[in-house]
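Structural features, examined
Residues per chain, in single letters:
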Amino acid sequence: MSPWQQHSAKRPMRGTWLLWCAEWQRLRRQPAVLAVLAALLAVLLASAVHSGLGAAAWRAQVAKGRAEAQAVHAREHRAAVAGAASVAAALATFQFARQHAPPMVLEGEGGLALAPAALAVLSPWATVTVESRRTDTRQGEPLHNPLLAELGLPDFATVAALLLPLAVLLLAGALSQEAQEAGLWRWMQAQSAQAGRWLRVALAWRLMAVWACAAAASVLAHAIDPGATAAALLWWLGALMLYVAVWGLAAACLWRLPVSAGAALLAGLVLWIALGFVLPAALVAWLDGRMPMPSRLADVVATRAQQQRAEMAMDTLLHDWYAAHPQVRPPVTQHTWPVSFMPRYVAQEEALRPLARRFDEQRAQRLRVLERVAWLSPPLALVLAGDRLAGADALRYARFKDEVDVFEDQWRAFFLPRIMGYARLGPDDLLRLPRPPDLRTEGH
Amino acid sequence: MMAVLLRHELRAIGRDGRFALLALALFLLLAGTVMQSVIAQRRLADEQRAAAAETRAQWDHQGGKHPHRGAHFGLYAFRPQGALAMIDPGLQAQLGQALWLEPHKRSPARSRPVADEPPATRLGTLTPAFALTVLLPLLVIALCAPSVSADRARGTLRLLRGAGLRVPHWLAAKLLAVLIAVLLPVLGALAAGLAVGGAALTPGLWWRLLTLAAAIGLYVGAVAAIALAVSAWAGDTRKALALLVGLWAAAVLVVPRLAAAGAHAAIDVPAAGAFAAAIQHDIHHGLPGDGDLASRGRAVDAGLLRAHGVARIEDLPLGVSAARRLARDAYADKVHALHFDALWARYHRQARWVRAASLLSPAIALRSLSMAMAGTDLRHQQHFEQAAETYRQQVNTAIDQWDRQHTRGLRSFEEKYADDALWQAIPGFAYVSPGAGFAWRGAWPDAAVLGLWLLGGLALLVWAGHGLVREGRS
């Protein structure tokens, strides 16, 4: 029995402690390992700063949008005077109704720093109107350079999902083979009854080091975002721990391969590519085949067809509206824009809403299915977890769009009788304006 | 001698089970992505054709309307994709699929496919271009990393040198063998994909395809030269492999993204709301030296009265609303052009930032060049949007001129005096994609950068070869 084996047999805890200490000493004296960890930390920190600043900028933009809306509301309230019904009054009421609805925004959750760009790509701003929001194609999409959007730095969650496995595999994917090639394995077998334990300790240190890099960057990202919450950070750190452990398990599986260290490393890379790129792409292809998104181009055609139908039926719709609302008595008999357009907008909205909402519903449905199979690809599962914590997932977006539709109905119901009755908005009307759900608790 | 060495290296590669496995995997992946891309591009082309035909039919059969309301119903422009988009869809996912053409306003393209894509695509969209730019270097690395170091470790190099082998010849043979082993199946897979996709091989497409193939050759050559040099420099295969994988991750995953983030931070793009507001401001208040909207309108009216020798607007022998609109829209077009040109200039400055980073990563240069050849880059999109904008102005001018000629004085928008004859008289949008020369003019710096990378790789290989020679003497 070797001295080490004798020592371990007498004091097992002390032996374990010494093993951990020895491995720690070995780890910190390996320049290649330190270089990989330093590179990983540098990239993760850069990404964390980028995403954290993105989240902070987003929250500032939301606050600014809200403040501007409140300022407009206060200004209009001061300027509002009651007056008689007239064509000018109808126009003023219409202009207010189409321009001054408080903006609705899908705010990020406590983990927004994990995926701010994912939220931005969803068009999370919505301003309701009494016109036809869905036929005005100029609204809703941000300006961006497509090249930078294509190449740009992904969100922190995506960077972590891609780089952590690479680091784990580089550091630990060929530990066993390296030990055998260096003659270390044989030596350890001679020194210890459980040589495998040494490998497991070496793996554990490497996994902890990788997790620590990711955790440090995550804390930084959340520290930069003023809206970040401790709960989101803790969930994320837990998810990262699980993620690193899964890849640690994969690395340990590679030890079983009867190949050289270089070949084991290559096998690790192939696994990384398969789970990180090929499988998610295959899942998307499967999803596209099983439940494809509706065509945006076909939607353009359907929207125009409805637009044309409503335009052709404008006179009838106008007549029917006044017939159905005898309590509204307009001061004129010949109606022009905007009054003549209002019933048309209502008809258009009724027909176009289901068409437009198909996209949100299908996106949410596809996400539900994707979440069920995401365990097949750990990187995909981590990205989805990041989206959930950021509040940038399609399910939440669909709920947001539901709220927008509800608010738009309230807004339209409030203004339609007033515009059709050629009424001017008075101070009392402005106090009774419908408010979106997220503004109801705030006082004006 | 070279022929013997080359044959020997090719035979060695053929016998390497790992290479065969990886090459087969990459070939299947490439073939799969090409097939998937072919299907996606066909579906997109079919959808575009159908949407273009139907939106045009809707335009043609609007029925009786006020001409300006008919113009507001608008037309749509859809950009046809070139055959090479199936190899590199480039910016397709980030670009709007449809461009709405209406009076008064120039709109950016809308409905970005990326907004409808599931989160999985953020990890990377598996396209042939992705396989070529990101995964192909891994195959080259797997092939080259053990190539020199293993021969050194086994003592083969010492034996060969004893037999009179010259190290530069030996390294050149290895490089050529890697190029042949990698490029033949890759280019074969791409050619087969194009054939299956039914691409019509016009001379323009041939030139673009040849340029792309040459660029892939330069890229693979550069990566192989660097990988062989590292293999010669490193003590063992594991060290060479770890270093090369690190370099690969930096070059294809990190540098392009940091470059894009740097470009974004250095050159700001206005927010959509601010951009639209600035255009409206300049239309209403006028550009420096011009009057505001009201004064410009008064000047138009005064000019019309003077030209026709009448004192009242009502007496003008033409459609006054249309005449005013023509003048207003001509000014709006000028303002829009100014702002959109400035926006595109910003985009191109950002692109130049990214291009500068290609000196640190050949993957950026290859990606830029392949997008240019496939016609899916920024310049081709700008070319299309400019053509669509010219068409938008022509359509609206034609309708307003018809209105000006066929009416008198001021007419209400509620009047419906235009019919299908007017809509159908408007010619369709016939977009002609630019030729290969246009793509080359945009992509030559990328080709030059790839050439520099190859030269740099070769220089590194020569330096590593000298090291081997010195090592043999000592």
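Since this is a predicted model, take the numbers as computed values, not measurements.

Definitions and limits used
- Residues numbered from 1 in each chain as written.
- Chains lettered and ligands numbered in written order.
- Predicted model: local features only at pLDDT ≥ 70, side-chain atom pairs only at ≥ 80, totals over all residues.
- Heavy atoms only, no water.
- Helix = DSSP H or I, 4+ residues; strand = E, 2+ residues; numbered from the N terminus.
- Rg over C-alpha atoms; globule rule 2.2 N^0.38 Å.
- Buried < 20%, exposed > 50% of the residue type's maximum accessible area, 1.4 Å probe, protein only.
- Contact = heavy atoms within 4.5 Å.
- Areas by Shrake-Rupley, 256 points an atom, 1.4 Å probe, with all protein chains shown as cover.
- Lys, Arg positive; Asp, Glu negative; His and termini not counted.
- Charge placed at Lys NZ, Arg CZ, Asp CG, Glu CD.
- Salt bridge = Lys/Arg side-chain N within 4 Å of Asp/Glu carboxyl O.
- Phe/Tyr/Trp six-rings, centres within 6.5 Å; stacked < 30°, edge-to-face > 60°.
- 1 Å grid on protein atoms, 1.4 Å probe; cavity = no way out; pocket = protein on both sides within 12 Å on 5 of 7 lines; lining within 4 Å.
- Points joined across faces, edges and corners; volume = space filled by probe spheres on them.
- Nonpolar A, V, L, I, M, F, W, Y, C, P; charged D, E, K, R; others polar.
- Axes fitted to C-alpha atoms, helices over the stretch in contact; angles between N-to-C directions.
- Parallel < 35°, antiparallel > 145°, perpendicular 65-115°, else oblique.
- Core = buried A, V, L, I, M, F, W, Y, C linked by side-chain atoms within 4.5 Å.

Helices and strands together make up the secondary structure of chain A, namely 18 helices and 2 strands. Here chain A has a C-alpha radius of gyration of 30 Å; the compact-globule value for 444 residues is 22 Å, and the former is much larger. Projected onto its principal axes, the C-alpha coordinates of chain A cover approximately 110 × 45 × 35 Å. When each of the 444 residues of chain A is scored for burial, the buried share is 53%. A fraction of 85% describes how many contacts in chain A between residues 6 or more apart in sequence connect residues 24 or more apart. Accessible area of chain A: about 19200 Å², with a carbon and sulfur share of 63%. One finds the centroid of the 43 positive side-chain charges in chain A at a distance of 9 Å from the centroid of its 34 negative side-chain charges.

Right, let's talk about the overall build of chain B for a bit. On a plain count of helices and strands, chain B comes out with 15 helices and 2 strands. The C-alpha atoms of chain B give a radius of gyration of 30 Å, which is well past the 23 Å a tight globule of 474 residues would have. Once the C-alpha set of chain B is aligned to its principal axes, its extents read approximately 105 × 45 × 40 Å. A burial count over chain B gives 53% of its 474 residues as buried. Pairs at least 24 residues apart make up 83% of the contacts formed inside chain B by residues separated by at least 6 positions. A total of about 20100 Å² of accessible surface is found on chain B, and carbon and sulfur atoms cover 64% of it.

As a further point, take the pattern of salt bridges. Inspection of the entire model under this criterion finds 42 salt bridges over all chains. Note that Arg357 of chain A is salt-bridged to Asp360 of chain A, the shortest N-O span being 2.9 Å. Taken together, the residues span about one helical turn, with Arg357 of chain A and Asp360 of chain A both in helix α15 (residues 342-373) at a distance of 3 residues. Judged on exposure class, the residue Arg357 of chain A and its partner Asp360 of chain A are both buried. Linking Asp46 of chain B and Arg49 of chain B is a salt bridge whose minimum nitrogen-to-oxygen distance equals 2.7 Å. Of this pair, Asp46 of chain B and Arg49 of chain B both sit in helix α2 (residues 17-60), 3 residues apart, which is roughly one turn of that helix. In this structure Arg49 of chain B comes out as exposed when scored by relative accessible area, which is 55%.

Okay, the packing of aromatic side chains next. This model, assessed by the stated rule, comprises 27 aromatic pairs over all chains. The interplanar angle of 65 degrees and the centroid separation of 5.7 Å between the aromatic rings of Trp59 of chain B and Trp423 of chain B together place this pair among those described as edge-to-face. Here Trp59 of chain B is found in helix α2, whereas its partner Trp423 of chain B is found in helix α14 (residues 420-425), with 364 residues between them in sequence. Pair check on accessibility: Trp59 of chain B and Trp423 of chain B agree, each one buried. These aromatic residues form a ring-pair network of at least three members: Phe96, Phe407, Trp411, Phe414 and Phe415 of chain A.

If you roll a probe as big as a water molecule over the atoms, it shows you where there is empty space left. By the definition in use, this model includes 7 cavities of 30 Å³ or more. Looking at the second largest cavity, its volume works out to about 100 Å³. What lines the second largest cavity is Val43, Leu153, Pro154, Val159, Leu162 and Leu163 of chain A together with Leu253, Val254, Arg257 and Leu258 of chain B. At 4 residues, helix α8 (residues 237-266) of chain B tops the list of elements feeding residues into the lining of the second largest cavity. Along the lines of polarity and charge, the residues of the lining of the second largest cavity split into 9 nonpolar, no polar and 1 charged.

For the rest of this paragraph, the subject is the packing of helix α14 (residues 314-324) of chain A against α15 of chain A. All names here are of chain A. Two numbers describe how α14 lies on α15: the axes approach to 8 Å, and their chain directions differ by 100 degrees. One element, α14, and the other, α15, form an angle in the roughly perpendicular class. On α15, the residues touching Met314, Leu317, Leu318 and Trp321 of α14 are Pro343, Arg344 and Ala347. Classifying every residue of the contact of α14 with α15 by side-chain character gives 6 nonpolar, no polar and 1 charged.

Let us look at the nonpolar core. Ranked by internal contacts, the top residues of the largest apolar core, which has 216 residues, are Leu44, Leu164, Trp411 and Phe415 of chain A together with Trp248 of chain B. A total of 17 residues in this core trace back to one element, the largest contributor, which is helix α7 (residues 203-233) of chain B. Excluding its chain neighbours within four sequence positions, the residues that come into contact with Trp411 of chain A are Phe96, Ala97, His100, Ala101, Pro102, Val128, Thr129, Val130, Leu433 and Pro434 of chain A. By size, the runner-up hydrophobic cluster in this structure holds 28 residues, among which are Phe275, Ile283, Leu287 and Met371 of chain B.

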